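This is what each chain is made of:
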Amino acid sequence: MASQVFYRKFRSQTLAELVGQPHVTQTLLNALKNGNISHAYLFCGPRGTGKTSTARILAKAINCLTNNGKGEPCNTCEMCRAIMEDRAMDVIEIDAASNRSIDDIRDLREKVNYAPTQARRKVYIIDE
């Protein structure tokens, strides 16, 4: 069994599990329930406040097969499991600190033009 970093092993899997961010979770839940998902979200704050976890939960909620993108992710459907196991082709997590050259940006711009292959929506999580 491969070892995992502590924060990945115990990462929140639903918006209800996020601690200390009730204003963020309520805003996102309202947007999901109303179907008013924006094309981009900017999560900012100090290290360890749940920015990437929130982005991954939002990606699951948008693409969940059981809730139809209208609430918390179920974490049991094929798409939720694929996102949790980092094997979803349409949820791309990019480390901006190491992908900052002009060629990296051109590659990203080229990939954005393609429609999602498996998920309802394609999600890019640009970290740092």
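None of the values given here were measured: they were computed from a predicted structure.

## Digging into the layout of surface pockets
Estimated volume of the largest pocket: approximately 1200 Å³. Here the lining of the largest pocket takes seven residues from helix 3 (residues 51-63), the largest share from any one element. Residue classes in the lining of the largest pocket are distributed as 18 nonpolar, nine polar and 10 charged. In this structure, the second largest pocket encloses a volume near 290 Å³. Surrounding the second largest pocket, 17 residues form its lining, Ile 92, Ile 94, Leu 108, Lys 111 and Tyr 124 being those nearest its centre.

## Focus on the state of the cysteines
All told, the structure shown has zero disulfides when counted by the stated rule. Counting only cysteine sulfurs, Cys 74 is the nearest neighbor of Cys 64, a cysteine outside any disulfide, at a range of 3.5 Å. You can call Cys 64 buried: its relative accessible area is 0%. Of all cysteine sulfurs in the structure, the one in Cys 80 sits closest to Cys 77, which takes part in no disulfide; the separation is 3.6 Å.

## Quick word on helix 3
Taking 1.5 Å of rise per residue, the 13 residues of helix 3 would be expected to cover 18 Å, and the 19 Å separating its terminal C-alpha atoms lies within 8% of that figure. With respect to burial, helix 3 is a largely interior element, 12 of its 13 residues being buried. Among the residues of helix 3, those classed as buried are Thr 52, Ser 53, Thr 54, Ala 55, Arg 56, Ile 57, Leu 58, Ala 59, Lys 60, Ala 61, Ile 62 and Asn 63. Packing partners of the buried residues in helix 3 comprise helix 2 (22-34), helix 4 (78-84), strand 1 (91-95) and strand 2 (123-127).

Reading guide: rules and limits
Residues numbered from 1 in each chain as written. Predicted model: local features only at pLDDT ≥ 70, side-chain atom pairs only at ≥ 80, totals over all residues. Heavy atoms only, no water. 1 Å grid on protein atoms, 1.4 Å probe; cavity = no way out; pocket = protein on both sides within 12 Å on 5 of 7 lines; lining within 4 Å. Points joined across faces, edges and corners; volume = space filled by probe spheres on them. Helix = DSSP H or I, 4+ residues; strand = E, 2+ residues; numbered from the N terminus. Nonpolar A, V, L, I, M, F, W, Y, C, P; charged D, E, K, R; others polar. Disulfide = S-S within 2.5 Å. Buried < 20%, exposed > 50% of the residue type's maximum accessible area, 1.4 Å probe, protein only. Expected span 1.5 Å × (residues − 1). Contact = heavy atoms within 4.5 Å.

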